[in-house]
Structures are given as structure tokens and as C-alpha cells.
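Structural description and commentary
Now for the letters of each chain:
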Amino acid sequence: QVQLVESGGGLVQAGGSLRLSCTVSGRTFSTLAMGWFRQAPGKERDFVAALNRNGGATYYDNSVKGRFTISRDNAKNTVYLQMNSLKPEDTAVYYCAAGTVYCSGYGCYSREYNYHFWGQGTQATVSS
């Protein structure tokens, strides 16, 4: 049973930072590509960032490029999302996702259907 547990959400003022963590159990972490998605109230879930199994390739939605950084620590079975210069429009529930992604490129890593395992979500709220 693969489990993903997110942490690190909270309330922060605009311009502030948060670091989300997602720890994976039940599967060899190094075999999994990892992604972060988010869902704002009343909206669909959207892609935020992803990285491949060894962390050598990263992908970002344009709305977060230059502000967010995704990284992974295979020794700790954990993926991180460092979020800087936060804006009120970044307010959402953030979901961690994992999958054995065999395709490549942004069009591959940004698609929800390539991820087989999901966390429960963590709320990040940015006040203006």
C-alpha cells in the first residue's frame, strides 16, 4: 500500500514563504516520479510542479516558475515544494502525487493521469 503524507501548509502573508513536504511509504521512492498539484476553491485541480525519478528534470507551471522549487531527497523518501514570493492566488489545497512515469517532457509530467498515487492534500492560504 503506497501512502503519501503531505505537511507544511499554513497561513502566510503575501510575499512570504512556505515549504511543503510529502513523504512516501510502501514503494521504492527512487522508482517514482513526483508531482505537486493544487486546487483552489471552486476550480479544477491544476499542475504546479514535477520532477523525474532522479530529480534531474524538473517542470513548472508558468504561474509558479521562478518562485517555486521542487526537489527530492531519495534517502528520506520525501519530495519538497519550496514556495517563495507567495501571492493570494496561490491559495489552494496542494496535493502530492507519485507515479511510474515513462514518458517525458512537460506535457507528460503535467498530466494527472500519469500519477497513480495521491496524498490527502494540505491547505496553503496566502493573505493579502
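These figures come from a predicted structure and were not determined experimentally. In this convention, every chain numbers its residues from 1, walking through the sequence in written order. Per-residue local features of the predicted model are confined to residues with pLDDT of at least 70, and side-chain atom pairs are confined, for both listing and counting, to 80 or more; whole-chain, interface and lining totals are unaffected and use all residues. Only hydrogens and water are set aside; all other atoms, that is, all heavy atoms of the structure, feed into the side-chain values.

Take the pairing of strand S8 (residues 78–83) next. Burial classes: relative accessible area under 20% of the type maximum marks a residue as buried, over 50% as exposed, and values in between as partly exposed (1.4 Å probe, protein chains only). Starting at the N terminus, helices and strands are each numbered in turn, a helix being any DSSP run of H or I of at least four residues and a strand any DSSP run of E of at least two. With respect to burial, S8 is a largely interior element, five of its six residues being buried. DSSP bridges decide pairing: two strands pair if at least two such bridges lie between them. Relative to S8, strand S3 (residues 18–25) is paired through six bridges, and the arrangement is antiparallel. Its bridge partner being in S8, Leu20 is matched across the sheet by Leu81. The pairing of strand S7 (residues 68–73) with S8 spans six bridges and is antiparallel. If you follow Ser71 over to S8, its bridge partner there is Tyr80. Between S7 and S8, which pair antiparallel in sequence order, lie four residues; one of them, Asn77, sits at a positive phi of approximately 55 degrees.

We now examine the state of the cysteines. The disulfide criterion used throughout: a pair of cysteine sulfur atoms within 2.5 Å. The tally for this structure, following the rule as stated, stands at two disulfides. What pairs with Cys22 in a disulfide is Cys96, and their sulfur atoms sit 2.1 Å apart. Across the S-S bond linking Cys22 and Cys96, the dihedral sits near -80 degrees, which makes this disulfide left-handed. Within this pair, whereas Cys22 is found in strand S3, its partner Cys96 is found in strand S9 (residues 92–99), the two being separated by 74 residues in sequence. With respect to class, Cys22 is no different from Cys96; both count as buried.

Another point: the sheet that holds strand S1 (residues 3–7). Pairing is antiparallel in the open sheet, where four strands are placed in the order S1-S3-S8-S7. Lying at the two open borders of the sheet, with one neighbouring strand each, are S1 and S7. Sheet twist, expressed as the average angle between the axes of neighbouring strands with direction ignored, equals 15 degrees. Here the axes come from fitting lines to C-alpha atoms, over the contacting stretch only for helices, and the angles between their N-to-C directions go from 0 to 180 degrees.

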